[in-house]
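# Survey of secondary and tertiary structure
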Amino acid sequence: MTISTSFHSPPQKPDARGRVTFYYKLRGGEILEELTDLTTNINGEEYLIGGYFNAQCQRWGYRDEDLRGKQLQEFIAEKHIFLLNSSDSPPTFKHNNRQGWPDLTRVFSHSLAAICEWDVLEEENYSDHIFVKICINSNISSLYFARFKTAHGGHCKFLNLFKSKVQGLRNLISNSSNEEEFSETTRTIQLEIYKTCKQVYKIKCNPLIPNVTWWNRDFQIKKQELKALARRLQKSTDEDRIHYKIVLSKKKKKKSSVQESSQKSPTWIVETAMHPDTSSATELHTGQH
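Residues numbered from 1 in each chain as written. Predicted model: local features only at pLDDT ≥ 70, side-chain atom pairs only at ≥ 80, totals over all residues. Heavy atoms only, no water.

## A short note on the nonpolar core
Counting residues in hydrophobic clusters, the biggest one holds 16 residues, and the most contacted among them are Leu35, Phe53, Trp60, Leu72 and Leu104. For this core, the secondary structure elements donating two or more residues are β2 (47-52) and α2 (67-79). Broken down by element, the residue count for this core peaks at 3 residues, all from α2. Every residue in contact with tryptophan 60, bar those within four places of it in the chain, is listed here: Ala55, Gly69, Leu72, Gln73, Ile76, Leu83, Asn85, Ser86, Ser87, Trp101 and Leu104. Residues Leu48, Leu84, Ala113 and Ile130 belong to the second largest nonpolar core, which totals 9 residues. (Core = buried A, V, L, I, M, F, W, Y, C linked by side-chain atoms within 4.5 Å. Buried < 20%, exposed > 50% of the residue type's maximum accessible area, 1.4 Å probe, protein only. Helix = DSSP H or I, 4+ residues; strand = E, 2+ residues; numbered from the N terminus. Contact = heavy atoms within 4.5 Å.)

In structure tokens, the structure reads:
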């Protein structure tokens, strides 16, 4: 399955006479061209396309419909694409008294849409754009194949062991008469080859990439949170601006304390990030260095 994301900047508004600029028309056409190329290249494969399209249409929550929304709606109907958004979905963008539904998620088939969950999260993220959670409830199976060390000999031993199995495998091939039997015979041959290889060759072990112990997903989230909070501070006014300024100042102090102590212990950094308000954990680790 292919998962793709897309972003399209807001179109310019019509002038006083209702005329739409050439830029607006061009961008609308470019969107459809990009989506057409994408769906054509992955034809026959399941796909999910999520994007910030800035297109207004009543189908996904807006009161009115603009040119870009009309074009996108026609494209969805023409390509038989399933939209996960609904007309009663919560807004995915809020700024002061304005709100919008610019984030759209579409899937290729009804079967894929049936196992998808699309939700707008209510948690505070200090940004005008609200998190959208998309869950695909599907079982994913992973295949693992052992690799054998064959560069250092052992081939004669392999041939001697495998010779005793050749006649039986030939009989299986001769007795196979349909696709299902041939598939089962093929699996049997592969299994016998694998068993013989295990008796002769050593398994090749791929070196593991060491994990970074001190930088983790929680640090990345906090970093993005600071950036979003700084943007919110720039856009806010009056009491909201004072509130966000205090919150940003506190979070920056916590970040600075973690950076200053980065040379002490990776464990200390992780504990501080996971429990920033717990002084006992901090004292426990800092006291050891």
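## So, the side chain of serine 109
Here serine 109 is to be found in the loop between β6 (103-107) and α3 (110-114). Look at serine 109 and you get buried, because its relative accessible area is 12%. Of the polar contacts made by the side chain of serine 109, one reaches the side chain of serine 111; its length is 3.0 Å. Ignoring any residue separated from it by four or fewer positions in sequence, one finds serine 109 in contact with Glu46 and Phe82. (Polar contact = N/O pair within 3.5 Å; in protein donor to acceptor, adjacent residues only side chain to side chain.)

## Notes on the pattern of salt bridges
Taken as a whole and judged by the stated rule, the model has 5 salt bridges. Ionic pairing is found between aspartate 128 and lysine 235, a salt bridge with its closest N-O pair at 2.8 Å. Here the residue aspartate 128 occupies a position in the loop between β7 (116-120) and β8 (132-136), and lysine 235 occupies one in helix α6 (residues 217-235), the gap between them amounting to 107 residues. Between arginine 187 and glutamate 184 there is a salt bridge, with the nearest N and O atoms lying 2.7 Å from each other. One end of the pair, arginine 187, and the other, glutamate 184, are both in helix α5 (residues 179-200), 3 residues apart, so they sit about a helical turn from each other. Given a relative accessible area of 47%, arginine 187 falls into the partly exposed group. The network of salt bridges with shared partners includes Asp128, Arg232 and Lys235. (Salt bridge = Lys/Arg side-chain N within 4 Å of Asp/Glu carboxyl O.)

## Looking at unusual backbone geometry
For residues other than glycine, phi is negative in most cases, and the peptide bonds are mostly trans. Even without glycine at this site, asparagine 54 takes up a positive phi of about 55 degrees. Residue placement: asparagine 54 occurs in the loop between β2 and α2. Unlike most non-glycine residues, aspartate 238 shows phi in positive territory, near 55 degrees. Inspection of the secondary structure assignment puts aspartate 238 in helix α7 (residues 238-260). Classification of aspartate 238 by relative accessible area gives exposed; the value is 64%.

## Digging into the side chain of serine 236
Secondary-structure assignment places serine 236 in the loop between α6 and α7. Within the structure, the side chain of serine 236 is placed 3.0 Å from the backbone oxygen of leucine 233, a separation counted as a polar contact. Those residues within four positions of serine 236 in sequence are excluded, and the remaining contacts are Arg241 and Tyr244.

## Here we look at the packing of helix α4 (residues 155-175) against α5
Viewed as axis vectors pointing N to C, α4 and α5 meet at an angle of 170 degrees, and their least axial separation amounts to 10 Å. The orientation of α4 relative to α5 falls into the category roughly antiparallel. Of the residues in α5, those in contact with Lys157, Phe158, Leu161, Phe162, Lys165, Leu169, Leu172, Ile173 and Asn175 of α4 are Glu181, Phe182, Thr185, Thr188, Ile189, Glu192, Ile193, Lys195, Thr196, Cys197, Gln199 and Val200. Each residue belonging to the contact of α4 with α5 can be placed in one class, and the counts come to 11 nonpolar, 5 polar and 5 charged. (Axes fitted to C-alpha atoms, helices over the stretch in contact; angles between N-to-C directions. Parallel < 35°, antiparallel > 145°, perpendicular 65-115°, else oblique. Nonpolar A, V, L, I, M, F, W, Y, C, P; charged D, E, K, R; others polar.)

## Things to note about the pairing of β6
The element β6 is extensively covered by neighbouring structure, given that 5 of its 5 residues are classed as buried. Residues of β6 alternate between two faces, with Asp103, Thr105 and Val107 on one and Leu104 and Arg106 on the opposite face, all of them buried. Two strands pair when backbone bridges link them, and β2 and β6 are joined in this way by 5 bridges, in the antiparallel orientation. Looking at β6, one finds that glycine 51 is bridged to leucine 104. (Pairing = 2+ DSSP bridges.)

## Side note on α4
Taking 1.5 Å of rise per residue, 21 residues should cover 30 Å, and α4 covers 29 Å from first to last C-alpha, within 8% of that figure. Where α4 bends most, the angle comes to about 40 degrees, and this point is lysine 163. Of the positions making up α4, those classed as buried are Phe158, Phe162 and Leu169. As for α4, its buried residues are in contact with α5. (Expected span 1.5 Å × (residues − 1). Bend = angle between axes of the 7 residues up to and from the residue.)

## Remarks on the packing of aromatic side chains
One pass over the structure, following the stated rule, counts 5 aromatic pairs. With a centroid separation of 5.4 Å and an interplanar angle of 75 degrees, the aromatic rings of tyrosine 62 and tryptophan 101 are classed as edge-to-face. Of the two residues, tyrosine 62 sits in the loop between β2 and α2 while tryptophan 101 sits in the loop between β5 (98-100) and β6, which places them 39 residues apart along the sequence. Ring pairing ties together the aromatic residues Phe158, Phe162 and Tyr201, which thus form one cluster. (Phe/Tyr/Trp six-rings, centres within 6.5 Å; stacked < 30°, edge-to-face > 60°.)

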